[in-house]
Amino acid sequence: MSAEPMNAQPMNAEPMSAEPQGDAGDFTVVCQVDDLAPGTVSQAEVDGVIIALVRDADGAYHAVDDRCSHADVSLSEGEVDGCTLECWLHGSRFDLVTGKPSGLPAITPIADYPVKIDGDQVLVAVTPNR
Ligand code: FES
């Protein structure tokens, strides 16, 4: 990855903090489109919610809860594989569209959040999709 997300922090540092944008409704700008390389993940904070911001292998952005539903570890320290995010601790993979785990030991879905692209900006709303 050649560029870091706007306000990006190293994985174990404080998450990047996004400021609400007045003209974006419930959506908050979290980074620029080119800030994350395809197949990478970064942690971000939006309105007090810690999310894993993922750019999948096809370049699409996804936002999911940063906490694994199995043992409460940070999913932004995991690996992106296609359209899934793999938990680094026990290997459950979460679908980036549905939040559902595809295998044990996790059995509970994680929240997934709406993402939109506005020009060069990536915006996230922390009202879960379901
Ligand atoms: S902590 Fe994530 S699968 Fe166990």
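Residues numbered from 1 in each chain as written. Predicted model: local features only at pLDDT ≥ 70, side-chain atom pairs only at ≥ 80, totals over all residues.

Asks: How should the overall build of the protein chain be read in this particular structure?
Replies: Secondary structure summary: the protein chain contains 0 helices and 11 strands in total. Here the protein chain holds 130 residues, and 39% of them are scored as buried. (Helix = DSSP H or I, 4+ residues; strand = E, 2+ residues; numbered from the N terminus. Buried ≥ 20, exposed ≤ 12 C-beta atoms within 10 Å, placed from the backbone.)

Asks: When you look at the sheet that holds strand β8 (residues 93–95) in this model, what are you seeing that I'm missing?
Replies: Two orientations exist for strands paired in a sheet by backbone hydrogen bonds: parallel and antiparallel. Strand order in the open sheet formed by 3 strands is β6-β7-β8, and the pairing between neighbours is antiparallel. Only two strands of the sheet have a single partner each, and these edge strands are β6 (79–81) and β8. Strand-to-strand twist across the sheet, computed as the mean angle between neighbouring axes with direction ignored, equals 30°. Of the strand pairs in this sheet, β6 and strand β7 (residues 84–86) are connected by 3 bridges, and their pairing is antiparallel. Considered in β7, the bridge of E79 is made with E86. (Pairing = 2+ DSSP bridges. Axes fitted to C-alpha atoms, helices over the stretch in contact; angles between N-to-C directions.)

Asks: Explain the pairing of strand β3 (residues 40–46) here, please?
Replies: Within a regular strand, side chains alternate between the sheet's two faces. Counting buried residues in β3 gives 5 out of 7 residues, a clear majority hidden from the surface. What sits between β3 and strand β4 (residues 49–55) in their antiparallel hairpin is a turn of 2 residues, with D47 showing a positive phi close to 50°.

Asks: Is there a simple way to explain unusual backbone geometry in this structure?
Replies: A negative phi holds for most residues other than glycine; trans holds for most peptide bonds. At the junction of L104 and P105, the peptide bond is cis and its omega measures out at 10° in the coordinates. In this structure, D72 takes a positive phi of about 60° despite not being glycine. If you trace the backbone, D72 turns up in the loop between β5 (61–65) and β6.

Asks: Whenever I open this one, the nonpolar core confuses me. Can you help?
Replies: One recurring pattern in soluble globular proteins is that nonpolar side chains are buried together. Formed by 28 residues in total, the largest nonpolar core has its most connected members in I51, L53, V64, L85 and V124. Among the elements that take part in this core, β4 stands out by supplying 4 residues, more than any other. The contact partners of L53, leaving out residues within four places of it in the chain, are V30, C31, L36, V41, S42, A44, Y61 and A63. (Core = buried A, V, L, I, M, F, W, Y, C linked by C-beta atoms within 7 Å. Contact = placed C-beta atoms within 7 Å.)

Asks: What is the right way to look at the sheet that holds strand β10 (residues 115–118) in this model?
Replies: Spatially, 3 strands are ordered β2-β11-β10 in an open sheet, and the strand pairing comes out antiparallel. Whereas interior strands pair on both sides, the edge strands pair on one side only; in this sheet they are β2 (28–32) and β10. Here the strands of the sheet are splayed against their neighbours by 35° on average, with no regard to which way each runs. Judged from the 4 bridges that link them, β10 and strand β11 (residues 121–124) form a sheet pairing that is antiparallel. Bridging from a neighbouring strand, D118 pairs with Q121 of β11.

Asks: Would you mind showing me how to read the pairing of β4 here?
Replies: Counting buried positions over the 7 residues of β4 gives 5, a clear majority of the element. Inspection of the sheet shows β3 paired to β4 by 7 bridges, in the antiparallel sense. Looking across to β4, one finds that Q43 is bridged to A52. Where β4 and β5 come together, 5 bridges link them in antiparallel fashion. Following the sheet pairing, R55 is matched in β5 by Y61. Taking the residues between adjacent antiparallel strands as the criterion, β4 and β5 are bridged by 5 residues, where G59 takes a positive phi near 95°.

Everything listed here is a matter of geometry and, on its own, says nothing about what the molecule does.
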